[in-house]
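Notes for the structure review
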Amino acid sequence: NKRVENNSEGNPSMNRSSLAVTLANNDYVYLLCGPATNSLGEFHGVFRSTDEGESFSNRATTPNILGRSSTGNDGEDQESYDLAIEASPTNANYVLTGGIALWRSSNGGITYTYVNPSSYYHGDIHDIVYHPLNNNIVFMCSDGGLYRSNDNGINWYHLNQNLQVTQY
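Definitions and cut-offs
- In every chain, residue numbers begin from 1 and rise along the written sequence.
- Restriction of local features to residues with pLDDT of at least 70 applies here, the model being predicted, together with a cutoff of 80 or more for giving and counting side-chain atom pairs; totals for whole chains, interfaces and linings are based on all residues.
- Water and hydrogen atoms play no part in the side-chain values, which are based on all heavy atoms of the structure.
- When DSSP finds two or more bridges between two strands, those strands count as paired.
- To qualify as a helix, a DSSP run of H or I must reach at least 4 residues; to qualify as a strand, a run of E must reach at least 2; elements of each kind are numbered from the N terminus.
- Between N-to-C directions, angles cover 0 to 180 degrees, with each direction set by a line fitted to C-alpha atoms, over the stretch in contact for helices.
- When the centres of two rings from Phe, Tyr and Trp lie within 6.5 Å, Trp using its six-membered ring, the rings pair. Their planes under 30 degrees apart give stacked, over 60 give edge-to-face, and anything left gives tilted.
- Per-residue accessibility, obtained with a 1.4 Å probe over protein chains only, is compared with the maximum for each type, and a residue is labelled buried under 20%, exposed over 50%, and partly exposed between these values.
- Polar contacts, as used here, are pairs of N or O atoms within 3.5 Å; protein pairs need one atom able to donate a hydrogen and one able to accept it. Residues neighboring in sequence count only if both atoms are side-chain atoms.
- Contacts are assigned to residue pairs that have any heavy atoms within 4.5 Å of one another.

**Some points on the sheet that holds strand S7 (residues 95-98)**
- If you trace the four strands from one edge of the open sheet to the other, you get S6-S7-S8-S9, paired in antiparallel fashion. Two strands lie at the open edges of the sheet, namely strand S6 (84-87) and strand S9 (113-115), each paired on one side alone. The average undirected angle you get between the axes of adjacent strands in this sheet is 25°.

**Considering the packing of aromatic side chains**
- With the rule as written, the count across this model stands at one aromatic pair.
- Taking 5.3 Å as the distance between ring centres and 75° as the angle between the ring planes, the aromatic pair formed by Trp103 and Tyr114 counts as edge-to-face. Taken together, the residues span a long stretch of sequence, with Trp103 in strand S8 (residues 102-105) and Tyr114 in strand S9 at a distance of 11 residues.
- Accessibility expressed as a relative area gives 21% for Tyr114, which makes it partly exposed.

**Remarks on the sheet that holds strand S10 (residues 125-130)**
- Overall, antiparallel pairing links the four strands, which are arranged S10-S11-S12-S13 in an open sheet. Looking along the sheet, the strands with just one partner apiece sit at the ends: S10 and strand S13 (157-158).
- Pairing geometry for strand S12 (residues 145-149) and S13, over two bridges, is antiparallel. Among the inter-strand pairings, Tyr147 is bridged to a residue of S13, identified as His158.

**So, the side chain of Ser149**
- Checked against the element boundaries, Ser149 lands in strand S12.
- Residue Ser149 is classed as buried on the basis of its relative accessible area of 0%.
- Engagement of the side chain of Ser149 in a polar contact is seen with the backbone nitrogen of Gly153, the distance being 2.8 Å.
- Setting aside residues no more than four positions away along its own chain, Ser149 makes contact with Asn136, Ile137, Val138, Ile154, Asn155 and Trp156.

Below, the structure written as structure tokens:
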């Protein structure tokens, strides 16, 4: 993941974005765009490039995958605090996004499925990354520590045993 702190797609209302690339197709670049600071509920979308980032097309602006609601029908976000996107190294259309909660897409960012935290993870997701030697393992870091998925981001297990993790 690489964070971009500049305006995205020429839209000055987008303050922060996060990028993901995939080894499955070097031409694909994903861009998750949050709203401008203090502009709650303006999820600007997930964009995808199929030409190494020369141009981007909007894949989705709904549901609000940056919010708290499992349906994506809220106006909340924390993009200035947590924003993450990762693309599978073996399937260019499989994308995981994180903000307050985790969402996944299996069709290149067109539609999203909410990943229920009861699969166990803590919200406020700051980064998501695939294991470099095992493409089914994904790591996620959030305000609650470090988590691991052995099934491509569907179920999560905490790796926080004996860690003193706190948030003030």
